[in-house]
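Structural characterization, general
Here is what each chain is made of, one letter per residue.
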Amino acid sequence: MDSFEPDGNGTNGSNGENGADVENGANGENGANGNGAEHALPPPPPVIPPDVVPLRAQADITPEPLKKKIVRLPIARRGPGTKGQKIPLLTNHFKVNVTNNNKEDHFFHYSVSVTYEDGRPLDGKGAGRRIIERVHQTYISELGGKDFAYDGEKSLFTVGSLPRNKLEFSVVLEDTPSNRNNGNCNADGDGSPNESDRKRLRRPGRSKTFNVEISYAAKIPMKAIGDALRGQESENSQEALRVLDIILRQHASKQGCLLVRQSFFHNDPKSFVDVGGGVLGCRGFHSSFRTTQGGLSLNIDVSTTMIIQPGPVVDFLISNQTVRDPFSLDWTKAKRTLKNLRVKTSPTNLEYKITGLSERPCKEQMFTLRNKNAKDGEDGEIEVTVYDYFVNHRNIQLRYSGDLPCINVGKPKRPTYIPLELCELLSLQRYTKALSTLQRSSLVEKSRQKPQERMSILSNALKINNYDGEPMLRACGVSIGNSFTQVDGRVLPAPKLKVGNGDDFFPRNGRWNFNNKKLVKPTKIERWVVVNFSARCDLKALVRDLIKCGDMKGIAIDPPFDVFEENPQSRRAPPLVRVERMFEDIQSKLPGQPQFILCLLPERKNSALYGPWKRKNLAEYGIVTQCIAPTRVNDQYLTNVLLKINAKLGGLNSLLAVEFSPSIPVVSKAPTIILGMDVSHGSPGQSDIPSIAAVVSSREWPLISRYRASVRTQSPKVEMIDSLFKRVSDTEDEGIMRELLLDFYTSSNKRKPDQIIIFRDGVSESQFNQVLNIELDQIIEACKFLDESWCPKFVVIIAQKNHHTKFFQPQSPDNVPPGTIIDNRICHPKNNDFYLCAQAGMIGTTRPTHYHVLLDDVGFSADDLQELVHSLSYVYQRSTTAISVVAPICYAHLAATQMSQFVKFEDASETSSSHGGLTSAGAVPVPQLPRLKENVANSMFFC
């Protein structure tokens, strides 16, 4: 092999004795020396010495043909479940009738190209809709009188074909004065004005010419919608439904709505809620067509997006930075916040896009003004300040802008300055940064709706939108019903739990408690200390009450070895320094390493100390730690803290009775590992923050209540987990799965799992096949790498929370009861999916979890699988309530969130150009997370 390098030049390569002759034959004796070279015969074959053994080079160059890879597809439903008490329900799906019986009808797809007059492509979003609308108005006869649906970018759809396959048009648009606050952009991509406002005043209607080319791309048979309803989904059926969704988006756009994916938001101040910081929650509606067992339906739900507070720019900045007046503003921050926002100026009422701020205050910022009244000999240009120009030349009084920077709405080399107080932010401009904890809690509080209120709002939305008046829907024979779809639900009984002393416990309404009860497997807390990072708290009382509460729950807690108070001089030090100093103090006073540290933090949420403290304990020392920020300490609070501590130290709070026996259908009969997988991404706008992949796995089979986690970083915004199998040599695999499978083996009496049940969170329907064929392949490879003959059976289930289906009880103000399951009528026509509301909805409207069973090699019955999923909502050790999604997925999310705090990734998104360059390997290197110490790696440290 060492002497052979395949290069595609003949079967004998290029390094062998004979290979050189073949490759370089044109230069040999019989080669191109004579004039008739091209007519010369090819050189004779070389003479091979008798002692040469021919190499089988061909086999090295062309490997054996690979077996054709089987592409897995989601499995079909085997039948509905039957267990549970039946309950009639309503859902926010509205029946869609398709009355067009002409099987030959097609949607025609055309690609759209819009350019400026000089051939430059159109820049800026939103302009395309106005241009295409003008094309429709101006050239209706050339378009054969057809209506069309335009997606706002490069695709346009019609019912039936246009007169020709390629059409070219030219249209003129004026920049009209602002008569709206509707969030649609101007036709002018950058919104910058001409040289001065003076010119602007003379030519208020500045016109631009655009060239539009519409060319045929494809046709989509309308019968594909019917095929989808029969479970025969194809690319055509997905495209046909996409066209219907685009028609609804265009319908909303014509009403002046802000469009965000499949949601739309009207410019109605009654729909705005202030969440602080100059940010408003704007309530709108989501709408999407869904193929279901009951036919085609339109799913409509209430949706919320975040927008910038419209009105005077200065008011927004004061709210955004929480300062008293404009003179206290941080202008560097303001410049970043305002960039690319659109403003309306007074008194001209024209719209511009902000490109920046002036370097100097309004009274000092100079610019060159053309002096139209200059006499012969006088300079035709004069230097004036922006303030002087507006006050003296335009006679506009400025109250406070003189000492503040101006808004720049010009181009980089030709700025145009407007005083701050003459600028108002337009409405419906999205705010895309992450919300603070306070903003988020304010939004949740102000936007939640009880079931009946939500139903009423959705019924009104259908009337207001008047879809029956949409010509494109009429053209394809689509009409939308106005009543909620009726479905049959079933309420599964809550699983029986085991608590201390072998007692049984029956949860009621999805809840239980430990009043006068002991934990099923309590731990003992012996060598422990208390650390206080300057939190105001009566520590003696806290410790006394914690020990007393622990005793009642069966946890024997010795008095702490010591209480470490932070030195007041350290409070202003950086978090890392504060943590280091605290550990130095602990080490100097303790004879050995503590088993457990209770840590008091001064801030309840987002403490800067949390990440460094957790990293120090878990990754450097292997010490279990619980952080608290006590405000109101009572028995319930201390019980919740003890539930977490007990789980972290290896105890169990409660078990399922069927787990205790063990008698879980299918799972208790053969060694079974349950996995929860999740990927967490950086906040919107943080394009350089690595994504965090977390996988948790059950251990100590036949238990399904104990888990451990493995967490890795991966490239930003990548949803598929890429480190499940990571082969580094013929004998080494550094992937997540090896770590988890070996732990299961050692913790389950040296039994390999025969069954692997995977719960995957956070993927959309378009990514199901990747989970089935990329992630599952990695898991299978990891199994084969451990034992080539090992063939476990797999179950793959996707859990989706981010959907818009809700359920309501007719004639009842209450949410659906916990344990409500729906697997008919509005589920997929063919695939195996169901909705489950395991939790008791206490506030707002319950959001069900949508489970999709993509693979089931084990052969679960519908009832057994649904009961397993339901039971896994009752094994969450942190709380005494059923949770909305299976515990393994919640644990994966917790583990990813906690370990992401270990490394404060630099937020390079604002200077991404300097960080975004690819390395020679072709990808941005991703910083790795520190490995946890072995004694805590196998624990439920994330609880």
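Below or above, wherever it landed, is the structure these notes cover. Note that this is a predicted model, so its numbers are computed, not measured.

1. Let's talk about the overall build of the chain
On a plain count of helices and strands, the chain comes out with 23 helices and 39 strands. By residue count, 51% of the 943 residues in the chain fall in the buried class. Here the chain displays about 45500 Å² of accessible surface, and carbon together with sulfur accounts for 48% of that area.

2. Description of the sheet that holds strand 30 (residues 655-656)
Overall, antiparallel pairing links the three strands, which are arranged 23-22-30 in an open sheet. The open sheet has two edge strands with one neighbour each: strand 23 (504-505) and strand 30. Pairing of strand 22 (residues 497-498) with strand 30, which is carried by two bridges, proceeds in the antiparallel orientation. Note on strand 30: the bridge partner recorded for leucine 497 is leucine 656.

3. Some points on the side chain of histidine 803
Along the chain, histidine 803 falls in the loop between strand 35 (793-800) and strand 36 (807-808). Residue histidine 803 is classed as buried on the basis of its relative accessible area of 10%. Here threonine 805 takes part through its backbone nitrogen, which lies 3.1 Å from a polar atom of the side chain of histidine 803. Separated by 2.7 Å, the side chain of histidine 803 and the backbone oxygen of proline 848 make a polar contact.

4. Examining the packing of aromatic side chains
One pass over the structure, following the stated rule, counts 21 aromatic pairs. Ring geometry for phenylalanine 583 and tryptophan 613: centres 5.3 Å apart, planes at 45 degrees, overall tilted. Here tryptophan 613 lies in helix 15 (residues 610-621) and phenylalanine 583 lies in helix 14 (residues 575-589), a separation of 30 residues in the sequence. Accessibility classification places phenylalanine 583 together with tryptophan 613 in one group, the buried group. Ring centres of phenylalanine 725 and phenylalanine 785 lie 5.5 Å apart, and the angle between their planes is 65 degrees; this geometry places the pair in the edge-to-face category. Taken together, the residues phenylalanine 725 in the loop between strand 33 (707-714) and helix 18 (736-747) and phenylalanine 785 in helix 19 (residues 768-786) connect sequence positions 60 residues apart. Taking the relative accessible area as the measure of exposure, phenylalanine 725 reaches 13% and is therefore buried. Each residue in the set Tyr707, Tyr876, Tyr891, Phe941 and Phe942 is aromatic and connected to the rest through ring pairs, giving one cluster.

5. Thoughts on the pattern of salt bridges
Any two side chains of opposite charge can pair, given that their charged atoms come close. Here the structure, examined in full by the defined rule, presents 35 salt bridges. With its nearest N and O atoms 3.4 Å apart, the salt bridge here joins arginine 544 to aspartate 545. What makes arginine 544 exposed here is its relative accessible area of 54%. Taking relative accessible area as the criterion, aspartate 545 reaches 26% and is therefore assigned partly exposed. The partner of arginine 760 in a salt bridge is glutamate 719, and the shortest N-O contact between them spans 3.1 Å. Here the residue arginine 760 occupies a position in strand 34 (residues 755-761), and glutamate 719 occupies one in the loop between strand 33 and helix 18, the gap between them amounting to 41 residues. Connected via shared salt-bridge partners are Arg699, Glu700, Arg706, Arg708, Arg712, Glu739 and Asp743.

6. A few points about helix 18
An α-helix turns once per 3.6 residues; consequently, residues spaced three or four apart project the same way. Taking 1.5 Å of rise per residue, the 12 residues of helix 18 would be expected to cover 16 Å, and the 17 Å separating its terminal C-alpha atoms lies within 8% of that figure. For helix 18, the complete set of buried residues consists of Ile736, Met737, Leu740, Leu741, Asp743, Phe744 and Ser747. All buried residues of helix 18 fall inside an arc of 160 degrees around its axis, so they share one side. Residues of helix 18 that are buried in the fold lie against strand 31 (672-680), strand 32 (691-698), strand 33, strand 34 and helix 19. A positive backbone phi angle near 55 degrees is found at asparagine 749, which sits one or two residues after helix 18.

7. Re the environment of phenylalanine 107
On the secondary structure map, phenylalanine 107 appears in strand 2 (residues 106-116). Note on phenylalanine 107: relative accessible area 0%, which makes it buried. Along the sequence, phenylalanine 107 and serine 161 sit 54 residues apart, while their C-alpha atoms lie 7.8 Å from each other. When near neighbours in sequence (up to four residues on either side) are disregarded, phenylalanine 107 contacts Thr158, Val159, Ala218, Lys219, Ile220, Met222, Ile225, Ala240, Val243, Leu244 and Cys476.

8. Quick word on unusual backbone geometry
Note that the residue after serine 661, namely proline 662, is joined by a cis bond; omega there is -20 degrees. Checked against the element boundaries, proline 662 lands in the loop between helix 17 (657-660) and strand 31. With a phi close to 45 degrees, threonine 322 is a non-glycine residue in the positive phi region. Along the chain, threonine 322 falls in the loop between helix 7 (313-321) and helix 8 (331-338). Unusually for a residue other than glycine, leucine 428 sits at a positive phi of about 60 degrees. Looking at the element boundaries, leucine 428 is found in the loop between strand 20 (423-425) and helix 10 (437-447).

9. Observations regarding the packing of helix 13 (residues 539-553) against helix 16 (residues 635-648)
With their axes 10 Å apart at the nearest point, helix 13 and helix 16 run at an angle of 70 degrees to one another. Comparing the axis directions of helix 13 and helix 16 gives the class roughly perpendicular. The way helix 13 lies across helix 16 gives a crossing that is right-handed. Within the contact between the two elements, helix 13 uses Leu542, Asp545, Leu546, Cys549, Gly550 and Lys553 and helix 16 uses Asp635, Leu638, Thr639 and Leu642. In the contact of helix 13 with helix 16, the residues fall into five nonpolar, two polar and three charged.

10. What about the sheet that holds strand 19 (residues 417-418)?
The three strands are arranged 15-18-19 in an open sheet whose pairing can be described as antiparallel. Edge strands, defined here as strands with exactly one partner in the open sheet, are strand 15 (356-361) and strand 19. Here strand 18 (residues 405-408) pairs with strand 19 via two bridges, running antiparallel. Its bridge partner lying in strand 19, isoleucine 407 is registered against isoleucine 418. On top of the sheet, helix 8 reaches strand 15 and strand 18; it is set at about 155 degrees to strand 15, its chief contact.

11. A short note on the pairing of strand 32
With respect to burial, strand 32 is a largely interior element, eight of its eight residues being buried. Of the two faces of strand 32, the one carrying Ser691, Ala693, Val695 and Ser697 and the one carrying Ile692, Ala694, Val696 and Ser698 are both buried. With six bridges joining them, strand 31 and strand 32 adopt antiparallel strand pairing. Within strand 32, the residue paired with valine 679 across the bridge is alanine 693. Here strand 32 pairs with strand 33 via eight bridges, running antiparallel. Directly across from valine 696, in strand 33, lies its bridge partner alanine 709.

Conventions we followed
Residues numbered from 1 in each chain as written. Predicted model: local features only at pLDDT ≥ 70, side-chain atom pairs only at ≥ 80, totals over all residues. Heavy atoms only, no water. Helix = DSSP H or I, 4+ residues; strand = E, 2+ residues; numbered from the N terminus. Buried < 20%, exposed > 50% of the residue type's maximum accessible area, 1.4 Å probe, protein only. Areas by Shrake-Rupley, 256 points an atom, 1.4 Å probe, with all protein chains shown as cover. Pairing = 2+ DSSP bridges. Polar contact = N/O pair within 3.5 Å; in protein donor to acceptor, adjacent residues only side chain to side chain. Phe/Tyr/Trp six-rings, centres within 6.5 Å; stacked < 30°, edge-to-face > 60°. Salt bridge = Lys/Arg side-chain N within 4 Å of Asp/Glu carboxyl O. Expected span 1.5 Å × (residues − 1). Arc of directions from axis to C-beta. Contact = heavy atoms within 4.5 Å. Axes fitted to C-alpha atoms, helices over the stretch in contact; angles between N-to-C directions. Parallel < 35°, antiparallel > 145°, perpendicular 65-115°, else oblique. Left-handed = near helix turned anticlockwise from the far one by under 90°. Nonpolar A, V, L, I, M, F, W, Y, C, P; charged D, E, K, R; others polar.

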